[in-house]
Amino acid sequence: MRSIVYYVREFLRPEWLKKFFSVKTAPLTTPSYFKDYPTLTDKECTQCLTCMMICPAPGAIAVLRHKDRWAPEVYPGHCIRCGLCVEACPEGVLTSGRILDVTSRDKTAFSSWYRLEVDDNLCMRCGNCCVSCPVNRQVDPQLAGTGTSASDEVIMRIEGGRVKILHEEKCTGCKTCETNCPNRAIRVARMVEGVRGGEAEA
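Predicted model only: the values in this text are computed from it and were never measured.

Peer 1: Any chance you could break down the overall build of the chain for me, citing the residues and the numbers?
Peer 2: Secondary structure summary: the chain contains nine helices and eight strands in total. The C-alpha atoms of the chain give a radius of gyration of 28 Å, which is well past the 17 Å a tight globule of 202 residues would have. Projected onto its principal axes, the C-alpha positions of the chain cover 95 × 45 × 35 Å. The proportion of buried residues among the 202 residues of the chain is 29%.

Peer 1: Which residues make up the packing of aromatic side chains, and what are the values?
Peer 2: Per the counting criterion, the structure on display carries zero aromatic pairs. The ring of Tyr-37 carries Arg-81 above its face, with NZ or CZ at 5.2 Å from the centroid.

Peer 1: Describe the nonpolar core, and please don't skip the residues or the numbers.
Peer 2: Counting 20 residues, the largest nonpolar core has Cys-129, Ile-155, Met-156 and Val-163 as its most contacted members. Core analysis: the next-biggest nonpolar cluster, separate from the first, contains 15 residues, Ala-57, Ile-61, Val-63 and Val-74 among them.

Peer 1: Can you tell me about the pairing of strand 7 (residues 162–165), naming the residues and giving the values?
Peer 2: Relative to strand 7, strand 6 (residues 156–159) runs antiparallel, the two sharing four bridges. Residue pairing in the sheet places Met-156 in a bridge with Ile-165 of strand 7. Following strand 6, the chain reverses through two residues before pairing antiparallel with strand 7; Gly-160 in that reversal takes a positive phi of roughly 65°.

Peer 1: Give a detailed account of unusual backbone geometry, specifying residues and quantitative values.
Peer 2: Positive phi outside glycine occurs at Lys-67, with the angle close to 55°. In this structure, Arg-184 is a non-glycine residue whose phi angle is positive, near 55°. According to the relative accessible area criterion, Arg-184 is exposed, its value standing at 52%.

Peer 1: Which residues make up the environment of Thr-30, and what values do they have?
Peer 2: Within the secondary structure layout, Thr-30 lies in the loop between helix 2 (14–22) and strand 1 (39–40). In this structure Thr-30 comes out as exposed when scored by relative accessible area, which is 62%. Spatially, the C-alpha atoms of Thr-30 and Gly-97 are 9.6 Å apart, while their sequence positions differ by 67 residues.

Peer 1: Can you lay out the environment of Ile-54 for me, pointing to particular residues and giving the numbers?
Peer 2: Of note, Ile-54 is situated in helix 3 (residues 50–54). C-alpha of Ile-54 to C-alpha of Met-191: the two residues are 137 residues apart in sequence and 8.8 Å apart in space. In contact with Ile-54, other than residues within four places in its own chain, are Leu-84, Cys-85, Ala-88, Phe-110, Arg-190 and Val-192.

Peer 1: Describe a nonpolar patch on the surface, listing the residues and the values that go with them.
Peer 2: A cluster of nonpolar side chains, contributed by Ile-4, Val-8, Phe-11, Leu-12, Trp-16, Phe-20 and Phe-21, occupies part of the molecular surface with about 730 Å² of accessible area. At the level of secondary structure, the elements contributing two or more residues to the nonpolar patch comprise helix 1 (2–11) and helix 2. Following the sequence through the fold, Phe-20 ends up in helix 2.

Peer 1: Which residues make up the side chain of Asp-140, and what values go with them?
Peer 2: Position of Asp-140 relative to the elements: it lies in the loop between helix 7 (134–139) and strand 6. Salt bridges are absent for the buried Asp-140, whose nearest opposite-charge side chain, Arg-157, sits at 7.5 Å. One polar contact links Asp-140 to Ser-149, side chain to side chain, over a distance of 2.5 Å.

Calculation notes
- Residues numbered from 1 in each chain as written.
- Predicted model: local features only at pLDDT ≥ 70, side-chain atom pairs only at ≥ 80, totals over all residues.
- Heavy atoms only, no water.
- Helix = DSSP H or I, 4+ residues; strand = E, 2+ residues; numbered from the N terminus.
- Rg over C-alpha atoms; globule rule 2.2 N^0.38 Å.
- Buried < 20%, exposed > 50% of the residue type's maximum accessible area, 1.4 Å probe, protein only.
- Phe/Tyr/Trp six-rings, centres within 6.5 Å; stacked < 30°, edge-to-face > 60°.
- Lys NZ or Arg CZ within 6 Å of the ring centre and 35° of its normal.
- Core = buried A, V, L, I, M, F, W, Y, C linked by side-chain atoms within 4.5 Å.
- Pairing = 2+ DSSP bridges.
- Contact = heavy atoms within 4.5 Å.
- Patch = residues over 30% accessible without salt bridge, like charges linked within 9 Å, V, L, I, M, F, W, Y side chains within 5 Å.
- Areas by Shrake-Rupley, 256 points an atom, 1.4 Å probe, with all protein chains shown as cover.
- Salt bridge = Lys/Arg side-chain N within 4 Å of Asp/Glu carboxyl O.
- Lys, Arg positive; Asp, Glu negative; His and termini not counted.
- Polar contact = N/O pair within 3.5 Å; in protein donor to acceptor, adjacent residues only side chain to side chain.

Purely geometric stuff here, so don't read any function into it on its own.
What follows is the structure, given as structure tokens:
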């Protein structure tokens, strides 16, 4: 009982009460390194889909058509605010915190490409991947239904009884080949590398 009375008496001391009710916390300030959800700048989106390609959070960003222009849309429920989409966008369409200032100052960027991988154990050599590829169809409109092609400029074709990758660098990452493969034998993997200075401009 004595201890309770002691603590009550200490708590009700005028100088303590004055400090308790007059204390002020420092105003909240957003640190310069804070990354918020990405927002749009005034730059025009070219629908390169780099932001979607590099995003590690499924469903966090999508490039959508709005009337007469394309624009990325960020979904806060999925976005983890990593800022990779801001850094990767070659047009500076997105911004968050000081990311654009830092990348401009340090001349950093991302170099990205796609790697095509075919599992010969699963591949049936049906040619669906070759025929469905939009780049292949553009390069060779006469592409045969079996996936064979006389052109050496297609991304891939059936050659020697198997899928042969000729121009992996032309892949746009649309994954049409992957979607149309009945055996899930082909995979489109995104590859990203950070570059700086002269490399970024190359």
